[in-house]
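As a plain string of letters, each chain reads:
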Amino acid sequence: MRYHELVGVFAGLEAESSTLKKADLLAGLLSRTPPDLLKPVVYMTTGNIFPPWMNREINVGDKTVISAIVMATGATKIQVQNLLREQGDLGSVATLLLTSRAQHTLFRQELTVAHVHQTFQKIAGMDGSGSQDAKISSVAELISNARPESARYIIRTALGQLRMGVGDGIMRDAISSAFTVNKEVVEKANAVLNDYGEVAVLASRGESELTDLKLRLFRPIKVMLYPKAEKVDDALASAGQPAQFEFKYDGFRTQIHKKGEEVRIYTRRLDDITFQFPDVVTAVRRGIRAREAIIDSETIGIDPATGRWVPFQNISQRIRRKYDIEKLVQTLPVETHVFDLLFLDGRSLLDMPLAERFRRVQDVVTPDPSDGIRVAEHLVTADPAQARAFYQTALDRGLEGIMVKNLQAGYKPGQRVGLGYKVKPETETLDLVIVGADWGEGRRTSWLSSFELAVVGPDGGFLPAGKMGTGMTDSDLTNLTETLKPDITRQHGKQVQLKPRMVVEVGYQEIQKSPTYASGFALRFPRLVRIRDDRKPEDADTLDRLKTIYAKQFSRGEKP
Ligand code: AMP
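Bear in mind that the values here come from a model prediction, so they are computed numbers and not experimental data.

Rules behind the numbers
Residues numbered from 1 in each chain as written. Predicted model: local features only at pLDDT ≥ 70, side-chain atom pairs only at ≥ 80, totals over all residues. Heavy atoms only, no water. Helix = DSSP H or I, 4+ residues; strand = E, 2+ residues; numbered from the N terminus. Buried < 20%, exposed > 50% of the residue type's maximum accessible area, 1.4 Å probe, protein only. Contact = heavy atoms within 4.5 Å. Areas by Shrake-Rupley, 256 points an atom, 1.4 Å probe, with all protein chains shown as cover. Domains from an automatic or database assignment. Phe/Tyr/Trp six-rings, centres within 6.5 Å; stacked < 30°, edge-to-face > 60°. Lys NZ or Arg CZ within 6 Å of the ring centre and 35° of its normal. Core = buried A, V, L, I, M, F, W, Y, C linked by side-chain atoms within 4.5 Å. Pairing = 2+ DSSP bridges. Salt bridge = Lys/Arg side-chain N within 4 Å of Asp/Glu carboxyl O. 1 Å grid on protein atoms, 1.4 Å probe; cavity = no way out; pocket = protein on both sides within 12 Å on 5 of 7 lines; lining within 4 Å. Points joined across faces, edges and corners; volume = space filled by probe spheres on them. Nonpolar A, V, L, I, M, F, W, Y, C, P; charged D, E, K, R; others polar.

Draft legend 1. Layout of the overall build of the protein chain. Looking only at helices and strands, the protein chain has 22 helices and 20 strands in total. Projected onto the principal axes, the alpha-carbon positions of the protein chain cover approximately 80 × 65 × 50 Å. For the protein chain, buried positions account for 51% of its 560 residues. Taking as baseline every contact in the protein chain between residues at least 6 positions apart, the subset at least 24 positions apart corresponds to 70%. Surface accessibility of the protein chain: about 26,100 Å² in total, with carbon and sulfur atoms responsible for 49%.

This is the structure:
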């Protein structure tokens, strides 16, 4: 298969914005790809050359690519840099230079998909002295044999910047339609294999190849996730009675694979963080009594002085740290709380009910907590009062909340199905002043239906921070409209300006920075909690409070 053919599809994928059509294009490509090239084609379409579980990248930087372009096209470095300033990306620079090099075709040897893939694999493996020059000449070889349009994609691939919007969903749909296999089966297979290349190969042989896939040690699988329930009682009612309650630790998810003394630790995104956590490796070697195991757990930071748990943001730096690891082990110690076991001594436990898996967790985790690994705090109950007390204990101990899990449920990799729930407190609400509104449309024409909300600024003025259009019943709208009508100070089309008089308590998903509103912030999805007749506008929340909540939310950071 010629690389040029792949590039034709890349260009189509890039130009297409509909996910449906992207999946169609990709399905067409996969169905004409010979089986031995399915893996490279899948990897390269997602901008890599390795499957995700390998955690390997090509690792070529701008400087290397610039030198390779110079070598392949005969342009000078200055010319390349000037063109880069003009074009914005090195892929376009190479395409332009190759187009203008008239005799280019005379030297070209048609690139194949297999050759490009192998060359990139070789480049990724180059290390140590002389590797820089070797990388440059390998990339240059690809460029000089590439058609102008292909060079663009070769360079983007080298730099890890091939962004064509082919995510897991599109890949799943494409494989499903190329080989007429059920979408769900494809998705489940990928949750175990974490490799759509391999899934495509199996799918091409028939759907039966995709079912009953075996877990493999040191091949991380996608973790099971739990939707949110509003209240402990709701979670208990839905998760089955009795249900298993567990502390929800505010650390980060660790999937730990063990075979004898060999231990590897993966994050929720399946990145390998073994190197950064030698302390967890030791804890697992000491504290897990199993020859082979795949453990699902949460690793949480502790304050070395007090031994108390600390929030995730305090230890987040350990995850990406490449140096001073031993020092961080001392200053930012962690402990691991095991809540599930997916594989034990040669046997997959995925289909076993949680109750039985958890019994095995209790068997394999040593009772000695000084090992740094322990069984997650848990309670099995059907009693709502006990459940609520357990939740309160978790909050009192500074945790995020609890998990409520169905005792009969199997482990569903990569899925967020209702086989368990997380329960945590709402984000803090804000009391805000209504300073404007829009008249509604359709059924809502006679009501004010979207409300501009403001905080109190440093000089006592009101600064808008978003618009609320949900959470209101018809009676709320009637009430708000009647109350606010006399406050209208100006009307422009459907928009009205209001005297700042009414205060409302508002929930929201998060606070974002925004140039649209005078406060500089915007609430995401604000919704009415209640009208606060008891509050005066000047007592509403201030810009400072908004800033504080924003900073808190920001410093929590995104979990790995
Ligand atoms: P969230 O990130 O809010 O969707 O919550 C899910 C995350 O909670 C999981 O990915 C885990 O990292 C974490 N977690 C903490 N304790 C537990 C537990 N006992 N069971 C499952 N997940 C837990």
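Draft legend 2. Examining the domain arrangement of the protein chain more closely. Taken domain by domain, the protein chain consists of domain 1 (3–159), domain 2 (228–423) and domain 3 (430–555). A straight line from the C-alpha centre of domain 1 to that of domain 2 covers 42 Å.

Draft legend 3. Geometry of the packing of aromatic side chains. By the definition in use, this model includes nine aromatic pairs. Centroid distance F247 to Y249: 6.0 Å. Interplanar angle 65°. Geometry classified as edge-to-face. The burial state of F247 is the same as that of Y249; both residues are buried. Between F247 and W309 the ring centres are 6.4 Å apart and the planes differ by 90°, which places this aromatic pair in the edge-to-face class. Of this pair, F247 sits in strand β1 (residues 243–248) while W309 sits in strand β5 (residues 309–310), placing them 62 residues apart in sequence. With respect to burial, F247 and W309 carry one shared label: buried. The side chain of R156 reaches across the aromatic face of Y153, ending 5.7 Å from its centre.

Draft legend 4. Spatial organisation of the nonpolar core. Counting residues in hydrophobic clusters, the biggest one holds 74 residues, and the most contacted among them are Y3, L30, I69, F120, I175 and L210. The residues contacting L30, other than those within four sequence positions of it, are L38, V41, V42, A174, I175, A178 and F179.

Draft legend 5. Layout of the pairing of strand β12 (residues 430–439). Along β12, ten of the ten residues are buried, which leaves the element largely enclosed by surrounding structure. Summarising the sheet, β12 and strand β17 (residues 503–507) pair through four bridges and their orientation is antiparallel. Paired with V433 across the two strands is V503, which belongs to β17. Here β12 runs beside strand β13 (residues 448–456); their pairing, made up of six bridges, is antiparallel. Bridge pairing links D438 to S450 in β13. As judged from the three bridges shared by β12 and strand β16 (residues 495–498), these two strands associate in the antiparallel manner.

Draft legend 6. Summary view of the pattern of salt bridges. With the rule as written, the count across this model stands at 34 salt bridges. The residue R545 makes a salt bridge to D541 at a minimum N-O spacing of 3.0 Å. Here the salt bridges do not stand alone but share partners, grouping R172, D173, K183 and E187 into one network.

Draft legend 7. Here's a closer look at empty space enclosed by the protein. Following the criterion strictly, the structure yields two cavities of 30 Å³ or more and no others. By volume, the largest cavity amounts to about 40 Å³. What lines the largest cavity is Y3, H4, R108, E110, L111, N145, A146, R147 and S150. Grouping the amino acids of the lining of the largest cavity by side-chain chemistry returns three nonpolar, three polar and three charged.

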